[in-house]
Amino acid sequence: AQSVTQPDIHITVSEGASLELRCNYSYGATPYLFWYVQSPGQGLQLLLKYFSGDTLVQGIKGFEAEFKRSQSSFNLRKPSVHWSDAAEYFCAVGAPNNAGNMLTFGGGTRLMVKP
Amino acid sequence: DSGVTQTPKHLITATGQRVTLRCSPRSGDLSVYWYQQSLDQGLQFLIQYYNGEERAKGNILERFSAQQFPDLHSELNLSSLELGDSALYFCASSVGAGETQYFGPGTRLLVL
């Protein structure tokens, strides 16, 4: 069964600083990987996804993530954080097959941004 | 705005009651997924429908059931509600069974 670990429950960074959110997954083959963001009281917005090909993927709002098969990781990065980035971030793994594509989510990382 | 709509936004009910949550997928999407987000369990997959047929099942309780109608909207029925069913219920949709899922704003259920 697939699983996702986000080791950092809370992260606080200063506005303008760089950001890296960690995600490790467990899955037998190459999974589909996703990062979603959830602002307070809101739904989940897709930031970026990796299906295959280039292991560095670009997303919305200036985010990027790198798939590293050897480390079973898919870390999310942003070079300069804005106050509006404060939210909860979820990494997810999908395992599409004939039965469907259920997503397994990590526990989430809550990002706080200091002015 | 993802294009996925869910109603109602909030629902307050009592233990033992039954409620129905509704989801309309993005235009053109055939697959609908239901997820539950709670403080203790996090985000968990419940069930998936593809073009009216159940496709995959996750940690869905027997008290819960879902269906997808010919117009592709879906309903999640929760019965004999318990306090622990209080959670945010998300619907997501995708074009096919293995495509990117887009999430609705969720229905917040409070069982008193």
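Preceding this section is the structure that the text describes.
Residues numbered from 1 in each chain as written. Chains lettered and ligands numbered in written order. Predicted model: local features only at pLDDT ≥ 70, side-chain atom pairs only at ≥ 80, totals over all residues. Heavy atoms only, no water.

1. What to know about the interface of chain A and chain B
Logical step 1: With 19 residues of chain A at the interface, the matching set in chain B holds 19 residues.
Logical step 2: Among the residues of chain A in contact with chain B, A:Leu44, A:Asn101 and A:Met102 are the three that bury the most area, contributing 29% of the side total.
Logical step 3: At the junction of chain A and chain B, the tally comes to zero salt bridges.
Logical step 4: Our count for the chain A to chain B interface comes out at four residue pairs in polar contact (both at pLDDT 80 or more). (Contact = heavy atoms within 4.5 Å. Buried area = accessible area lost by both parts, 1.4 Å probe. Salt bridge = Lys/Arg side-chain N within 4 Å of Asp/Glu carboxyl O. Polar contact = N/O pair within 3.5 Å; in protein donor to acceptor, adjacent residues only side chain to side chain.)

2. Observations concerning the pattern of salt bridges
Logical step 1: Counted according to the given criterion, the structure contains eight salt bridges over all chains.
Logical step 2: As a salt-bridge pair, B:Arg63 and B:Glu82 come within 3.7 Å of each other at their nearest N and O atoms. On the criterion of sequence distance, the pair formed by B:Arg63 in the loop between strand S6 (53–57) and strand S7 (64–68) and B:Glu82 in the loop between strand S8 (74–78) and strand S9 (87–94) is long-range, its members being 19 residues apart.
Logical step 3: According to the relative accessible area criterion, B:Glu82 is partly exposed, its value standing at 43%.
Logical step 4: Shared partners join several salt bridges into a network, and the residues in it are A:Glu64, A:Glu66 and A:Arg77. (Helix = DSSP H or I, 4+ residues; strand = E, 2+ residues; numbered from the N terminus. Buried < 20%, exposed > 50% of the residue type's maximum accessible area, 1.4 Å probe, protein only.)

3. Notes on the state of the cysteines
Logical step 1: Across all of its chains, the model carries two disulfides over all chains by this definition.
Logical step 2: The side chain of A:Cys23 participates in a disulfide bridge whose partner is A:Cys91; the two sulfur atoms lie 1.9 Å from each other. Residues A:Cys23 and A:Cys91 share a disulfide whose torsion about the S-S bond is about -65 degrees; that sign makes it left-handed. Remark: A:Cys91 occurs in strand S10 (residues 87–94) and A:Cys23 occurs in the loop between strand S3 (19–21) and strand S4 (24–26); sequence separation between them is 68 residues.
Logical step 3: The disulfide partner of B:Cys23 is B:Cys91, and the S-S distance across this bridge is 1.8 Å. (Disulfide = S-S within 2.5 Å.)

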